[in-house]
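Here is how the chains run, residue by residue.
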Amino acid sequence: MASGGDLALTILGFLNEQPMHGYELKSRLAALTGHLRPVSDGALYPAITRLESKGLVERHEEAGAAAARRQVLTITEAGREELLRRLREPADLDISDQTRFFALLTFLSALPGAADQARVLSRRLAFLEAPASFFYEGGAPVRARDEPDPYRRGMLLIARASSQAEKEWLRQRIAELNVPQ
């Protein structure tokens, strides 16, 4: 979550669910992807400030549990519109990068309309179905069975199994979304 794009999306997504103070927001971010990409205060609070300056997030004071007052963040209507735009029209990196895609997927239910949700999932499926590998030889992807290094072969096998499971889920969910209601 170190880059600004997915951090902004995730902040807007969580605030769309409910107002919260910075520490609570940081806890939610850490629970979502902290083990992969921890979010430092040095990244989180400037991101919140940028969203505030764009009118996407508002801050107000509330009484705290003790005597101390705390700053509570709320998404604005413009922030909600920006969230829906980002969900409806994700950047290519939001589709291709697994961590960014999972952040997108976390909030995809906020996007009204099955057709819009199916379009996003179809983009991810198309990305996963394109031939790719971690390793290439002579311009062609190296297949796991042809990789002599056991660790590289392991990477390829794990990636293939994960990709197959994800593609199966995506096909199933797209079919469910495309059923007339």
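Up top is the structure these notes are about.
Residues numbered from 1 in each chain as written. Predicted model: local features only at pLDDT ≥ 70, side-chain atom pairs only at ≥ 80, totals over all residues. Heavy atoms only, no water.

1. Observations concerning the overall build of the protein chain
Then comes step 1: Scanning the protein chain from terminus to terminus reveals eight helices and five strands.
Then comes step 2: Scanning the protein chain from its N terminus toward the C terminus, one meets helices and strands in the order α-β-α-α-β-β-α-α-α-α-β-β-α.
Then comes step 3: A principal-axis box enclosing the C-alpha atoms of the protein chain has dimensions of 65 × 45 × 25 Å.
Then comes step 4: Looking at the 181 residues of the protein chain, the share that counts as buried comes to 36%.
Then comes step 5: Here the analysis covers contacts within the protein chain between residues at least 6 apart in sequence; of these, 53% occur between residues at least 24 apart.
Then comes step 6: Accessible area for the protein chain stands at about 10500 Å²; split by element, carbon and sulfur atoms hold 54% of it.
Then comes step 7: Both charge centroids of the protein chain, one from 24 positive and one from 24 negative side chains, sit 2 Å from each other. (Helix = DSSP H or I, 4+ residues; strand = E, 2+ residues; numbered from the N terminus. Buried < 20%, exposed > 50% of the residue type's maximum accessible area, 1.4 Å probe, protein only. Contact = heavy atoms within 4.5 Å. Areas by Shrake-Rupley, 256 points an atom, 1.4 Å probe, with all protein chains shown as cover. Lys, Arg positive; Asp, Glu negative; His and termini not counted. Charge placed at Lys NZ, Arg CZ, Asp CG, Glu CD.)

2. A look at the packing of aromatic side chains
Then comes step 1: Evaluation of the coordinates by the stated rule reveals two aromatic pairs.
Then comes step 2: Ring centres of Phe134 and Phe135 lie 6.2 Å apart, and the angle between their planes is 55 degrees; this geometry places the pair in the tilted category.
Then comes step 3: By relative accessible area, Phe135 is classed as buried at 16%. (Phe/Tyr/Trp six-rings, centres within 6.5 Å; stacked < 30°, edge-to-face > 60°.)

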